[in-house]
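# Results of the structural survey
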Amino acid sequence: MNTAQFIPEILTENIEKANFTWQTPSNIALVKYWGKSNPQMPKNASISFTLNNCHTITTIAFSKIERTAEVKFDLFFEGKEKEEFKPKIAEFFKRVQEYCPYIFNYKMTINSENSFPHSSGIASSASGLSAIAMCLMSLENELNPSITQEFINKKASFLARLGSGSASRSIEGPLVVWGNHPEIAESSDLFGVQFPYKVHSVFKNYQDAILLVDKGEKVVSSTVGHNLMHNHPYAESRFTQANDNLGKISEILQNGDLEAFVSLVESEALTLHAMMMTSNPYFILMKPNTLEIINKIWKYRAENKSNICFTLDAGANVHVLYPENEKDSVNNFIENELANYCQNKQFIYDSVGFGAKKI
Ligand code: DP6
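These numbers were taken from a predicted model, which means no experiment stands behind them.

Position of Ser 164 relative to the elements: it lies in the loop between helix H3 (149-163) and strand S8 (175-178). Polar contacts involving the side chain of Ser 164 include one to the side chain of Ser 125, which spans 3.3 Å. Dropping the residues within four chain positions of it, Ser 164 is found in contact with Gln 40, Ser 125 and Leu 129.

Below, the discussion takes up the sheet that holds strand S11 (residues 309-312). Reading across the sheet, the four strands line up as S11-S12-S10-S13 and stay open at both edges, with antiparallel pairing between neighbours. Two strands bound the open sheet, and with one partner strand each, they are S11 and strand S13 (347-351). Each strand of the sheet is rotated relative to its neighbour by a mean of 25°, with strand direction disregarded. Bridge count for strand S10 (residues 207-211) against S13 is five bridges, and the pairing is antiparallel.

With that settled, consider the domain arrangement of the chain. Partitioning the chain into domains gives domain 1 (4-197) and domain 2 (206-351). Inter-centroid distance (C-alpha atoms) of domain 1 to domain 2 is 25 Å. Contact residues are listed per partner, giving 33 residues for domain 1 and 43 residues for domain 2. Its largest share of buried area at the contact with domain 2, domain 1 owes to Leu 30, Lys 32 and Trp 34, together 26% of the area lost on that side. Along the contact surface separating domain 1 from domain 2 lie zero salt bridges. At the junction of domain 1 with domain 2, the criterion picks out 13 residue pairs in polar contact (both at pLDDT 80 or more). Only strand S1 (17-31), strand S4 (46-64) and S8 provide two or more residues apiece to the side of domain 1 that touches domain 2. Here the side of domain 1 that touches domain 2 gets eight residues from one element, more than from any other, and that element is S4.

Looking at the ligand, there are 16 residues lining it, with Tyr 33, Lys 36, Ser 164, Gly 165 and Ser 166 nearest. Between the ligand and Ser 164 there is a distance of 2.6 Å, counted from an oxygen atom to a side-chain nitrogen or oxygen. Look at the ligand: alone it shows 460 Å² of surface, and the protein chains cover 93% of it. Counting residues per element, the shell around the ligand draws most heavily on helix H4 (residues 222-227), at three residues. Here the residues of the shell around the ligand are counted per class, giving five nonpolar, seven polar and four charged. Two domains each put at least three residues into the shell around the ligand: domain 1 (4-197) and domain 2 (206-351).

Once that is clear, we can look at the packing of helix H5 (residues 235-255) against helix H6 (residues 258-277). H6 packs onto H5 with a crossing angle of 160° between their chain directions and a minimal axis gap of 10 Å. Taken together, the axis directions place H5 and H6 in an arrangement best described as roughly antiparallel. Crossing hand, H5 versus H6: left-handed. Across the interface between the two elements, Arg 238, Gln 241, Ala 242, Asn 245, Lys 248, Ile 249, Ile 252 and Leu 253 of H5 pack against Ala 260, Phe 261, Leu 264, Val 265, Glu 268, Thr 271 and Met 275 of H6. Taken together, the residues of the contact of H5 with H6 break down into nine nonpolar, three polar and three charged.

The computed volume of the second largest pocket comes to approximately 290 Å³. In this structure, the second largest pocket is lined by 18 residues; those nearest its centre are Ser 37, Asn 38, Pro 39, Gln 40 and Met 41. The set of elements that each furnish at least two residues to the lining of the second largest pocket consists of strand S2 (36-37), H3 and H4. Ranked by residue count, the leading element in the lining of the second largest pocket is H3, at three residues. Mapped onto the domain boundaries, the lining of the second largest pocket takes at least three residues apiece from domain 1 (4-197) and domain 2 (206-351).

The rules behind the values
- Residues numbered from 1 in each chain as written.
- Predicted model: local features only at pLDDT ≥ 70, side-chain atom pairs only at ≥ 80, totals over all residues.
- Heavy atoms only, no water.
- Helix = DSSP H or I, 4+ residues; strand = E, 2+ residues; numbered from the N terminus.
- Polar contact = N/O pair within 3.5 Å; in protein donor to acceptor, adjacent residues only side chain to side chain.
- Contact = heavy atoms within 4.5 Å.
- Pairing = 2+ DSSP bridges.
- Axes fitted to C-alpha atoms, helices over the stretch in contact; angles between N-to-C directions.
- Domains from an automatic or database assignment.
- Buried area = accessible area lost by both parts, 1.4 Å probe.
- Salt bridge = Lys/Arg side-chain N within 4 Å of Asp/Glu carboxyl O.
- Near = heavy atom within 4 Å.
- Areas by Shrake-Rupley, 256 points an atom, 1.4 Å probe, with all protein chains shown as cover.
- Nonpolar A, V, L, I, M, F, W, Y, C, P; charged D, E, K, R; others polar.
- Parallel < 35°, antiparallel > 145°, perpendicular 65-115°, else oblique.
- Left-handed = near helix turned anticlockwise from the far one by under 90°.
- 1 Å grid on protein atoms, 1.4 Å probe; cavity = no way out; pocket = protein on both sides within 12 Å on 5 of 7 lines; lining within 4 Å.
- Points joined across faces, edges and corners; volume = space filled by probe spheres on them.

This is how it looks when you write it as C-alpha cells:
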C-alpha cells in the first residue's frame, strides 16, 4: 500500500497567511461500508451517490507561527466557538500530521456550517472532514504549486478517509467507489475514486429525498458499530456479499436495469441494519416510522409500477431514491403521505451532485 506518495517531499513556497473556503457534499452509500481495520481501512468496497444540496461550507484561515509540538486551531460552528467538536478534529489532525507536516507551522481558524440542520440525524462527518481536507490541500498547493488537480483530489480523499471512512467518498461525484475491488479500475482502500465506467442515462440527476424520521442523537455511533463487526458471526460473509454486490451494481449502473438496482440497494440497506441487530451487543437504529415508510414505499412501488426505492444509513432516517422522470409523482407522494411519518413533517429534497467546490 503506497502511502509514502502522500508525504510531501518539497514545499518550495513560504506562505505567511492564507484563507480557503470549500463546499463539500454529503453522500449516500448504495453498497455500504460497515466494518474496518486500522488505520481506517475498509473491510469491503463501497459505492455512493454524491449529494448536491446537503453540504458543509468550511473556511480555514492559516496564519504562520513558530513551529509547535502540537497542532493549534480554533473551531467555530455556525459562528459560535464549539469546544465539544474539537476532540474529533484534533484526532483528525493527529492522523494526518505525517502527511501534512506543515500544519505544525500554522495557527488555523476553522469556520464551518452545514446546509442541513445539525440535529437532523444527517451525518456531517463526511462533508465536514472532506471540507477540512480540501482546505489543507489548498494550502499544500500554495506551498508546492507543482502538484496536480488529480493528486489534490486523491490526497484530499485519502486525508478525509483518515477522519471518517465515508468522507473519502465526498470529494468527487456523481458516483464514488472506496475500497479495493477487482472490477473497479484504480480502486483503493486508501482513497475514493470516481466510478470509472459510463453510467446509464437513467441515473442522471437521480433524486434522493431524505426523510427526517428521528433527529435525536444516535444510540450507537458508526465507529462503535464498525468495531462490533470484529467478532461478528456473519462478518466474513457480509464482506464477501458487499464485494459481490459492488460487482453487480457496477453492471447495473452501466446497463440501467432499475429493477435490479432497486432490489440490490434495498437489500444492502436492510443487511446493514441486520448486521447491527445481530452484533454483540445488538442494537436497533430504525424507528417504528422507518418501517412504516418502507412499507408505504413498497405499496406505492407495486401500485404505480414505480422504480422508487429506499436506503438507510446508520440511523432512522430514510433516503428515498428515484429517477428524475418520476420526480413530480414521487414528490407528491412524499409531501402527501410520507411526510406524515417524519419528525415535524421534515424532509430534504436532494439529488446527485458532482463533489467539492472552491468558494
Ligand atoms: C452506514 O464513515 O461514519 O453510513 O469511518 O467510523 O467515521 P467512520 O464511519 P462512517 O461510517 C459510515 C457507515 C454507513 C455506510 C456508508 O456510508 O458506507
